[in-house]
Amino acid sequence: ESAYGVYHWSPDGLAILYLHQPRGIVAHDLTTGRDKVVVDRKANAFTGFSGFAVSPDGASLAFGGVTGQGPNLARAIFVQAAGGPPRELFRVKAPESAFVQMWTPKGHDILFTRFKQGQDPASDPHQLWKISAAGGDGTSAGGDLGEDRRQLRRDGDCHRRPLETSQGDSQAGGQRDTV
């Protein structure tokens, strides 16, 4: 994390992408020292962002875009191919929210966390969801990220792992699930 917030390396290692709230998502070219706005906040009428991630092949960007204000506030998950316009994949209206977390390793799906209406923000964790980068319906990935007994698998699903005792052994006879 930087003074601007979370940043990501481009897969080729030649640029750093970061969120600059007044401008949008920016790529800083390390060879030229110049910035290029990749997702323009004002041109796309975003009032903010809720996470972003570069695809494993570097060809696309997934990000959460916030639109509207007050009772018209909405959060959506977008994907943008290099040089193309953002394409909306999933939308929720306030008070629900959705935050981009990461791509699955093969780059087919985007993982995001969702906080649904009726959940208590003081005690209920965000739910883990995934959506195909090609579009379609978002689906629950089978868990939430709020319990330390959950672990992500490489395919993006979430599964329980045994509780550990103070000696480091699990309550399930010392066996641990693996990722």
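All figures in this text were calculated on a predicted structure; none of them were measured in a lab.

A. A look at the overall build of the protein. If you tally the helices and strands in the protein, you get zero helices and 14 strands. Starting at the N terminus and walking to the C terminus, you meet the elements of the protein as β-β-β-β-β-β-β-β-β-β-β-β-β-β. For the protein, the proportion of its 179 residues judged to be buried stands at 39%. Expressed as a percentage of contacts within the protein between residues at least 6 apart in sequence, the contacts between residues at least 24 apart total 25%.

B. Region of the structure containing the packing of aromatic side chains. Applying the stated criterion to the full structure yields eight aromatic pairs. Relative to Phe63, the ring of Phe46 lies with its centre 5.6 Å away and its plane at 85°, an arrangement referred to as edge-to-face. Of the two residues, Phe46 is situated in the loop between β4 (35–40) and β5 (48–54) and Phe63 in strand β6 (residues 60–67); the sequence distance between them amounts to 17 residues. Phe63 sits in the buried class, given a relative accessible area of 0%.

C. How the structure looks around the pairing of β5. The element β5 is extensively covered by neighbouring structure, given that six of its seven residues are classed as buried. As paired strands, β5 and β6 are joined by five bridges and run antiparallel to one another. By the bridge assignment for β6, Ala53 is matched with Ala62. In this structure, the hairpin formed by β5 and β6 is closed by a connection of five residues, where Gly58 is found at a positive phi of approximately 75°.

D. Region of the structure containing the sheet that holds strand β3 (residues 24–29). In space, the four strands of this open sheet follow the order β1-β2-β3-β4, with antiparallel pairing throughout. At either end of the open sheet lies a strand with only one pairing partner, and these are β1 (7–9) and β4. The mean angle between the axes of side-by-side strands here comes to 25°, regardless of whether they run parallel or antiparallel. Bridge count for strand β2 (residues 15–20) against β3 is six bridges, and the pairing is antiparallel.

E. Region of interest: the environment of Leu17. Here Leu17 shows up in strand β2. When neighbours within four sequence positions are excluded, Leu17 is seen to be in contact with Val6, Tyr7, His8, Ser10, Ile25, Val26, Ala27, Phe52, Val54 and Leu61.

F. Structural detail: the nonpolar core. The biggest cluster of nonpolar side chains holds 15 residues, and the ones touching the most others in it are Ile77, Phe90, Val100, Trp103, Ile110, Phe112 and Ile131. Apart from the residues within four sequence positions on either side, Trp103 is in contact with Ala53, Val54, Ser55, Pro56, Ser60, Leu61, Ala62, Val79, Asp109, Ile110 and Ala133. Membership of the second largest hydrophobic core comes to 13 residues, among which are Leu19, Phe46, Phe49 and Phe78.

G. Structural context of the side chain of Arg114. Among the secondary structure elements, Arg114 is positioned in strand β10 (residues 109–115). The class of Arg114 is buried, set by a relative accessible area of 11%. Within the structure, Arg114 has its side chain in polar contact with the side chain of Glu96 (distance 2.8 Å). Not counting chain neighbours up to four residues away, the residues in contact with Arg114 comprise Phe90, Val92, Glu96, Ser97, Ala98, Gln119, His126, Gln127 and Trp129.

H. Seen up close, the sheet that holds strand β7 (residues 74–81). The strand order β5-β6-β7-β8 describes an open sheet built from four strands, whose pairing is antiparallel. Where the open sheet ends on each side, the last strands, each with one partner, are β5 and β8 (87–93). Each strand axis lies, on average, 15° off the axis of its neighbour in the sheet, ignoring direction.

I. Main features of the confidence of the model for the protein. The pLDDT averaged across the protein works out to 79; a share of 76% of its residues lies at or above 70. Confidence drops under a pLDDT of 50 for residues 147–151, and excluding neighbours within four residues, the segment shows 20 contacts in the predicted structure. The low-confidence segment residues 158–179 (pLDDT under 50) makes 45 contacts with residues lying over four places distant or belonging to another chain.

J. Up close: the pattern of salt bridges. In this structure the tally under the stated criterion is three salt bridges. Of the charged contacts in the structure, one is a salt bridge between Glu96 and Arg114, with a shortest N-O distance of 2.8 Å. Placement of the pair is Glu96 in the loop between β8 and β9 (97–103) and Arg114 in strand β10, with a sequence separation of 18 residues.

Conventions used here
- Residues numbered from 1 in each chain as written.
- Predicted model: local features only at pLDDT ≥ 70, side-chain atom pairs only at ≥ 80, totals over all residues.
- Heavy atoms only, no water.
- Helix = DSSP H or I, 4+ residues; strand = E, 2+ residues; numbered from the N terminus.
- Buried < 20%, exposed > 50% of the residue type's maximum accessible area, 1.4 Å probe, protein only.
- Contact = heavy atoms within 4.5 Å.
- Phe/Tyr/Trp six-rings, centres within 6.5 Å; stacked < 30°, edge-to-face > 60°.
- Pairing = 2+ DSSP bridges.
- Axes fitted to C-alpha atoms, helices over the stretch in contact; angles between N-to-C directions.
- Core = buried A, V, L, I, M, F, W, Y, C linked by side-chain atoms within 4.5 Å.
- Polar contact = N/O pair within 3.5 Å; in protein donor to acceptor, adjacent residues only side chain to side chain.
- pLDDT = per-residue confidence, 0-100.
- Salt bridge = Lys/Arg side-chain N within 4 Å of Asp/Glu carboxyl O.

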